[in-house]
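For reference, the chains in residue letters:
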Amino acid sequence: MAEYTHVGPGLPPLHGARASALILGSFPSPKSREQGFFYGHPQNRFWPLMAALTGAPVPDRQDIEAKKRIIVQNGLALWDVIESCDIKGASDASIRNVRPNDLDSLIRTLGVRAVFCNGAASARLYARYARPITGIEAVGLPSTSPANAAFGLDRLRAQWGAALGPWLPTV
């Protein structure tokens, strides 16, 4: 059984000068921290999903600049609810001793009007730590993690597309 490790700080937010919608994870996985960028696990469906929703080519796993373009060119922002925490491996269920990111400042600075959470843990953490401060209800979406085997890419695309689609430029 993995031991708790205190990890942080997480990754800095990704955004352009303005963003109408913010997509939040819970905390970067060990693979993401190793890569130094969001959703770094090779089986995570986040980047293929975002490419499908925006009409962009699916970026290579190591092509961080292409991933950044998908977010920035579509008026989105990307970050995590947690700045640092104690965690066992990559288990969101084990997260404790949370220090949240300052989502309120980011939301105000960018003009964010909608918040979307990638998975139940992110939604739960946002509701606990940020919602009382930001005043914005978040839309919880199915996790793009490979651990969420119940959702294939087509099913993720349908649910994410219905929620996030109105916030994306027409492709």
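Provided above is the structure to which this section pertains.
Numbers given to residues run from 1 along each chain, matching the order in which its sequence is written. With pLDDT at 70 or above as the cut-off, local features in this predicted model cover only qualifying residues; side-chain atom pairs require 80 or more to be listed or tallied, and sums for whole chains, interfaces and linings still use all residues. Each side-chain value is derived from all of the structure's non-hydrogen atoms; neither hydrogens nor water enter the calculation.

This part covers the packing of aromatic side chains. Two rings belonging to Phe, Tyr or Trp (six-membered ring only in the last case) form a pair when the distance between their centres is within 6.5 Å. Interplanar angles under 30 degrees mark stacking, angles over 60 mark edge-to-face geometry, and anything in between is tilted. If you walk through the whole model with that rule in mind, you get 5 aromatic pairs. Between Phe-37 and Phe-38 the ring centres are 5.5 Å apart and the planes differ by 75 degrees, which places this aromatic pair in the edge-to-face class. With respect to burial, Phe-37 and Phe-38 carry one shared label: buried. Both a distance and an angle decide whether a charge sits over a ring: NZ of Lys or CZ of Arg must be within 6 Å of the ring centre and within 35 degrees of the ring normal. Above the face of the Tyr-4 ring, Arg-96 is positioned so that its terminal group lies 3.5 Å from the ring centre. Against the face of Phe-151 rests Arg-155, its NZ or CZ located 3.8 Å from the ring centre. To sort residues, take the accessible area from a 1.4 Å probe on protein chains only and compare it with the maximum for the residue type: under 20% means buried, over 50% means exposed, and anything in between is partly exposed.

Backbone-to-backbone hydrogen bonds join strands into a sheet, with any given pair of strands oriented parallel or antiparallel. Two strands pair under a simple rule: DSSP has to find at least two bridges between them. Strands here mean DSSP runs of E at least two residues long; helices mean DSSP runs of H or I at least four residues long; both are numbered from the N terminus. Read from one edge to the other, the open sheet built from 3 strands follows the order E1-E5-E6, with strand pairing classed as antiparallel. Here the strands that pair on one side only, and so sit at the sheet edges, are strand E1 (4-7) and strand E6 (96-100). Each neighbouring strand pair of the sheet contributes to a mean axis angle of 15 degrees, computed without reference to strand direction. One ladder, built from 4 bridges, connects E1 with strand E5 (residues 82-88); its direction is antiparallel. Opposite Thr-5, over in E5, you have Ile-87 as the bridge partner. Orientation is described by lines fitted to C-alpha atoms, with helices fitted over the stretch in contact, and by angles between N-to-C directions that extend from 0 to 180 degrees.

A word on the packing of helix H2 (residues 46-54) against helix H7 (residues 153-164). When two helices pack together, you describe them by how their axes are tilted relative to each other and by the distance separating the axes. Axis separation between H2 and H7 bottoms out at 10 Å; the angle between their running directions is 55 degrees. One way to sum up the angle between H2 and H7 is to call them oblique. In the crossing of H2 with H7, the sense of the turn from one axis to the other is right-handed. Contact residues: Phe-46, Pro-48, Leu-49, Met-50, Ala-52 and Leu-53 in H2; Leu-153, Leu-156, Arg-157, Trp-160, Gly-161 and Leu-164 in H7. The residue classification treats Ala, Val, Leu, Ile, Met, Phe, Trp, Tyr, Cys and Pro as nonpolar and Asp, Glu, Lys and Arg as charged. All others, Gly included, are polar. Residues that form the contact of H2 with H7 fall into these classes: 10 nonpolar, 1 polar and 1 charged. Here is the rule for angles: anything less than 35 degrees is roughly parallel, anything more than 145 is roughly antiparallel, 65 through 115 is roughly perpendicular, and the remaining ranges are oblique. Handedness of a helix crossing follows the sense of rotation of the near helix relative to the far helix, less than a right angle counterclockwise being left-handed and clockwise being right-handed. Contacts are assigned to residue pairs that have any heavy atoms within 4.5 Å of one another.

Another aspect to go through is the sheet that holds strand E8 (residues 138-141). Read from one edge of the open sheet, 5 strands run E2-E4-E3-E7-E8, paired in mixed fashion. Looking at which strands have only one partner, the edges of the open sheet turn out to be strand E2 (14-15) and E8. Sheet topology note: the strand E3 (residues 21-25)/strand E4 (residues 76-80) ladder contains 5 bridges and is parallel. Paired with Ala-21 across the strands is Leu-76, a residue of E4.

Buried and open spaces are told apart on a 1 Å grid over the protein atoms alone, a cavity being a set of points where a 1.4 Å probe fits but cannot get out and a pocket being an open set with protein on both sides within 12 Å along at least five of seven lines. Residues with an atom within 4 Å of a point are the lining residues. Grid points are joined across faces, edges and corners, and a volume is the space filled by probe spheres set on the points. In this structure, the largest pocket occupies an estimated 540 Å³ of space. Along its surface, the largest pocket is lined by 29 residues, and Ser-29, Asn-44, Ala-90, Asp-92 and Ser-145 are the ones closest to its centre. Put simply, the parts of the chain that give the lining of the largest pocket at least two residues each are helix H1 (30-35) and helix H5 (120-129). If you tally residues by element for the lining of the largest pocket, the top one is H1, at 4 residues.

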